[in-house]
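# Per-entry structural report
Each chain, written out:
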Amino acid sequence: MSTDTIIQTEGLTKVFKVGFWSRRVTVLEGLNLEVRRGEVFGFLGPNGAGKTTTIKILMDLIYPTSGHATLFGRPIGDNQAKARLGFLPETPYFYDYLTAAEFLQFYGHLFSLRGALLEQRVTELLELVGMSHARNLQLRKFSKGMLQRVGIAQALINDPELVVLDEPMSGLDPVGRKEIRDLILRLKESGKTIFFSSHILHDAELLCDRVAIILKGRMVACGRVSDLVGQSATQSVEMVVEGLSAEGLEHLRPLAEKFVTQGSQVLAVLKNQQQVVSALEIVRSAKGELVSLTPHKSSLEELFIREVKGLEPGLREGQ
Amino acid sequence: MRVLSIAFNTFRENLREKLLYNLLIFALLMIGSSVLLTRLTVGEWDRLIIDLGLSSMNLFGILIAIFVGISLVSKEIDKKTIFTIISKPVPRYEFLLGKYLGLVVTLLINTAVMAAGLFVVMAYLKAPFTPMLLKALGFIFLEFLVITAVALVFSTFTSTTLSAIFTLAVYVVGHLSTDLKLFGDKMGDAGKAILNAIYYVLPNLERFNLKGHVIHHIDVPATDLVLTTAYGLTYAAFLLLLASIIFQRRDFQ
Amino acid sequence: MMSSGHSAKVFADPSPSHNKQPWFCRRMWIKLTFLSLSIATLLTAILGFQFELDQRHDQKSGRLESLRFLPQGEVLRLALLGHHHLGADVIWLRIVQVLGEDVVAERDYEWLNHALDVVTTLDPQYVFAYDVGGTILAELAHRVDWSNRLLHKGYDANPAAWRLPFILGFNHFFHLQDYVQAGEYMSQAARIPGRPYYIDTLAARLYVEGGSPTLALSYLDSMLQQTTDPQLRSVYLEKYKEVMVARDLQNFDQAVERYRQARGKLPRALSDLVNEGYLNTIPEEPFGGEYRLHTETGEVSSSTHPERLHLYRPHEAKSFKKSI
């Protein structure tokens, strides 16, 4: 393990006992993860896949049934490791009787921050998350988006090296999500390691250096987004044409994988580059007008759906 | 310092949740009864105002100790606020101790204000003030310390409702344990053993009850005072340790 | 981190959501009116029902019944979880209320006996309850047996309360005419610190004079000195007058006897006794009546209380003296 390894887990397994008869439910099975310094790491999976369980183990909130995990090379629960960590829980509720400033001061006290230094940090953080105007407003009057912001400010109070965010984008509107994305990039710029979970793959695709995908407690893929997507990329091109003659239509139809006509417009999905060249030729000769031509990359989402389908039959596949 | 920060935050929560409004009811009770008492002729009404004052202080405090005590930890878990605390460099026992201290400070202030109210009414009614009254107040507070700790223990591993029921049960049995022991002495060996076990394990809360001593001006030997105080504090410490052990081992779902 | 030149805002400034409507709009008014009308109607109904129910049940006797059916003191004490002193206060308060309301039927004091037992079981040190309770049981309920039992219970639990043996002595003296026992209780009371000075005198005189009316008057005098309750005071005052009648009659009897022995005949009128120097004066009958002489038997009687008080009987006094 190098000093640049921030999070490491080995064979992390969690079995919950459910109900009166203590039925055993495995929510996490043999998870091996490694997050390196300076990365933005996306921890992806559908609801109930075990993302939050993993984060709770890392945050010392629950204990693994077996396996081992370290933060900064120290065992979980170590106070020195915790001092270098910031955490935003999923759908956070906070002490709603506190004002935003009191809230941040309280967390500062837990890191033994005091006096003018703490005051300065609180002001800075409120400025950073755009909550300066709500400094003396009780949290109970905050909207969900505002709570998420002070939640992030809370996670940054100790200027942590590692920031762990559990579903930071869920429940936010598109503007809010954009803002969180910008913040994560900004934190990355200032040299922090960011580990976040999400079930919204689009966000992860835009942000992450590396991602891990877990399903039903098991990791099914891990690596750079471009690698993961590239591995299984089968590109296609979407072409929209207008005013194509009937003859032109007849020529175009066999080329396309999907072919939809709507009024005077035609949408054709073309399989490969060669077909695109032929299709453009047909359009030109049939005096059609090209409306749009969109290359369609295989997304993380498609990969994800494939993985889910692949796992459904119960195949035990290697990662 | 972290313990104190958490304690202060808990105290602030109690204040902002308007917990101390119970003082208004106490004030009304005191004023109402003193007005009533000045109109009555037959009776020793000094003792009624003291009984009423001490009993209602005791009851208000116990209700707060139980119902705020059981939610001290479970509320933080339900609202997931505990996630942000435990993930910071705060050992779990410090969190628990902080919550406990916060409620104890709330109870202390609550009791102090009520005591001041009682003194005012007593002065108005020209009821004699005895040092025994202070000792009784101290012991009432000692009972709060124990009951709050009981509530804390239960709330570390069961639901709020069950904690409330269990803590109330301990409160009731704790006041009856001497009677249970006497009852057990009349039973067979098995019954006697069980009731004896209950007597020694559960807190004997009647020991903290000096209300009768105040109104009848019966003194308590200094040794008894010291021993009972030591008993109460040790019991609370034992419960806090127990709560810490349970709390240390549990998962926060 | 942020301080190193990254203080630019990442977020836009949103304001907390304000979607308040003007509160004075018309629908709101209708709603408000409707609500306040409903509240007023329901409140009136509640008060009406309460009043109606109060009318149907005699509250005073209800209070009395609640005292009659109080659970046993031992059980109640357990249920009160350490607040039994306040419990004793509350029951005592009720007793005083019921007694003050004057609804108690003659000869029905069973409830009082029970309620007093509960009060004193809840708080065995409640000396005041034994004291007043014992007096009321004897003087108002005319149940000296209950009174003595309660006083004994109190005296056992509170050996330092001189009032309890004092009243026990009073009961034995007045109601049981057991002067030996009365003297015993009085001398016990006379040994307890904090008693008034006259207790000692009373105790001494009890041994010497037995059931003499002058002693009874002193006894009642001391009772009156210690009692503030008007109801009890009037009972004692009544008794005081009765004893005065008894004392006067005793004086008349002695004068008549001396007259008969000296003159060999009975006086014709009471004035003869004064004129001939056997009496200083004819005392006023304390109830406002007069004393009459029965010329055939030589017996004197009161016009208001023709029955002689069952207090002073010379032969008992003699036997009392013998027994010492």
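What you are looking at is a predicted structure, and each value in this text was computed from that prediction instead of being measured. (Residues numbered from 1 in each chain as written. Chains lettered and ligands numbered in written order. Predicted model: local features only at pLDDT ≥ 70, side-chain atom pairs only at ≥ 80, totals over all residues. Heavy atoms only, no water.)

## A look at the overall build of chain C
So the rule is basically this: Note on conventions: DSSP H or I runs of at least 4 residues are helices, E runs of at least 2 residues are strands, and numbering of each starts at the N terminus. Each residue is assigned to one of three classes by its accessible area relative to the maximum for its type, calculated with a 1.4 Å probe on protein chains only: buried under 20%, partly exposed between the two thresholds, exposed over 50%. The protein chains shown are the only cover counted for residues, whose accessible areas, like all others here, come from Shrake-Rupley with a 1.4 Å probe.
Secondary structure assignment for chain C yields 14 helices and 2 strands. Counting the 324 residues in chain C, one finds 43% classified as buried. Total accessible area on chain C stands at roughly 18100 Å², and carbon and sulfur atoms take up 55% of it.

## Focus on the overall build of chain A
As a reminder of what qualifies: Here, two residues are considered to be in contact whenever any of their heavy atoms come within 4.5 Å of each other. Working convention for charge: Lys and Arg count positive, Asp and Glu count negative, and His plus the chain ends are omitted. Note that the charge is assigned to NZ on lysines, CZ on arginines, CG on aspartates and CD on glutamates.
Along the backbone of chain A there are 11 helices and 14 strands. The C-alpha extent of chain A, read off along each of the three principal axes, is 80 × 50 × 45 Å. Of all 319 residues assigned to chain A, the portion counted as buried reaches 50%. Counting contacts in chain A only where the partners sit at least 6 residues apart, residues at least 24 apart contribute 68% of the total. Counting every atom, chain A has about 14500 Å² of accessible surface; 51% of that belongs to carbon and sulfur. Of the side chains in chain A, 37 bear a positive and 37 a negative charge, and the two mean positions are spaced by 5 Å.

## Topic: the nonpolar core
Inside soluble globular proteins, nonpolar side chains tend to come together where they are buried. Where we set the bar: The criterion is simple. A nonpolar core is a set of buried Ala, Val, Leu, Ile, Met, Phe, Trp, Tyr and Cys residues joined through side-chain atoms within 4.5 Å.
In terms of nonpolar packing, the biggest core is built from 227 residues, with F195 of chain A together with I91, W92, I95 and F166 of chain C touching the most fellow members. Here this core takes 17 residues from helix α6 (residues 131-155) of chain B, the largest share from any one element. With residues up to four places along the chain from it excluded, the contact list for F166 of chain C reads M186, A189, I199, L202, Y219, S222, M223 and Q226 of chain C. Residues M239, V276, I282 and A286 of chain A belong to the second largest nonpolar core, which totals 16 residues.

## Remarks on the side chain of T121 of chain C
As for its position among the elements, T121 of chain C is in helix α5 (residues 110-122). Look past the residues within four positions of T121 of chain C in its chain and what remains in contact with it is G73, E74, R77 and K153 of chain C.

## Points about the packing of aromatic side chains
As a reminder of what qualifies: Each Phe, Tyr or Trp ring, with Trp reduced to its six-membered ring, pairs with another whose centre is within 6.5 Å; inter-plane angles below 30 degrees give stacked pairs, above 60 give edge-to-face pairs, and intermediate values give tilted ones.
Within the structure shown, the criterion is met by 27 aromatic pairs over all chains. Consider the rings of Y199 of chain B and Y200 of chain B, whose centres lie 4.9 Å apart with planes at 80°: the pair is edge-to-face. Ring plane angle 65° and centroid distance 5.2 Å describe the contact between F252 of chain C and Y291 of chain C, whose orientation is recorded as edge-to-face. Of this pair, F252 of chain C sits in helix α12 (residues 230-263) while Y291 of chain C is found in strand β1 (residues 291-294), placing the two residues 39 residues apart along the sequence. Accessibility assignment for this pair places F252 of chain C and Y291 of chain C in one class, buried.

## Focus: the domain arrangement of chain C
All names here are of chain C. In plain terms, the rule: Bear in mind that the domain bounds are from an automatic or database domain assignment. Reported buried area values correspond to the accessible surface (1.4 Å probe) lost by two parts on association, with both partners' losses combined. Contacts described as polar in this section are N or O atom pairs within 3.5 Å, which, within protein, must combine one atom able to donate a hydrogen with one able to accept it, while residues neighboring in sequence count only if both atoms come from side chains.
Domain boundaries assigned for chain C yield domain 1 (60-161) and domain 2 (170-324). Of the residues lining the interface, 16 residues belong to domain 1; the matching set on domain 2 comes to 13 residues. Taken over both partners, the interface formed by domain 1 and domain 2 buries close to 1100 Å², and the fraction arising from carbon and sulfur atoms is 57%. Counting the contacts that link domain 1 with domain 2 gives 5 residue pairs in polar contact (both at pLDDT 80 or more). Where the side of domain 1 that touches domain 2 is concerned, the elements lending two or more residues are α6 (127-139) and α7 (144-157).

## Some points on unusual backbone geometry
Of note, K287 of chain A is a non-glycine position whose phi angle comes to about 60°, a positive value. Checked against the element boundaries, K287 of chain A lands in the loop between α10 (273-285) and β14 (289-296). Classification of K287 of chain A as exposed rests on a relative accessible area of 72%. A positive phi angle is found at L81 of chain C, which is not glycine, with a value near 50°. You can see L81 of chain C is positioned in the loop between α3 (73-79) and α4 (84-101).

## Some thoughts on the domain arrangement of chain A
Domain assignment breaks chain A into domain 1 (5-229) and domain 2 (234-296). Summarising the inter-unit geometry, the C-alpha centres of domain 1 of chain A and domain 2 of chain A are found 46 Å apart.

## Thoughts on the interface of chain A and chain B
Cut-off, in case you're wondering: We define a salt bridge as a side-chain nitrogen of Lys or Arg found within 4 Å of a carboxyl oxygen belonging to Asp or Glu.
At the interface, 33 residues of chain A touch 30 residues of chain B. With both sides pooled, the region where chain A packs onto chain B buries about 2900 Å², and carbon together with sulfur makes up 54% of that total. The largest contributions to the chain A side of the interface with chain B come from L61, Y97 and L110 of chain A, which together make up 23% of the buried area. Joining chain A to chain B, the criterion identifies 3 salt bridges.

## Some remarks on the pattern of salt bridges
By the definition in use, this model includes 32 salt bridges over all chains. For D248 of chain C, the salt bridge identified is with R247 of chain C, shortest N-O distance 3.5 Å. A relative accessible area of 27% places R247 of chain C in the partly exposed class. Because the salt bridges share partners, they merge into one network encompassing D4, R37, R84 and E161 of chain A.

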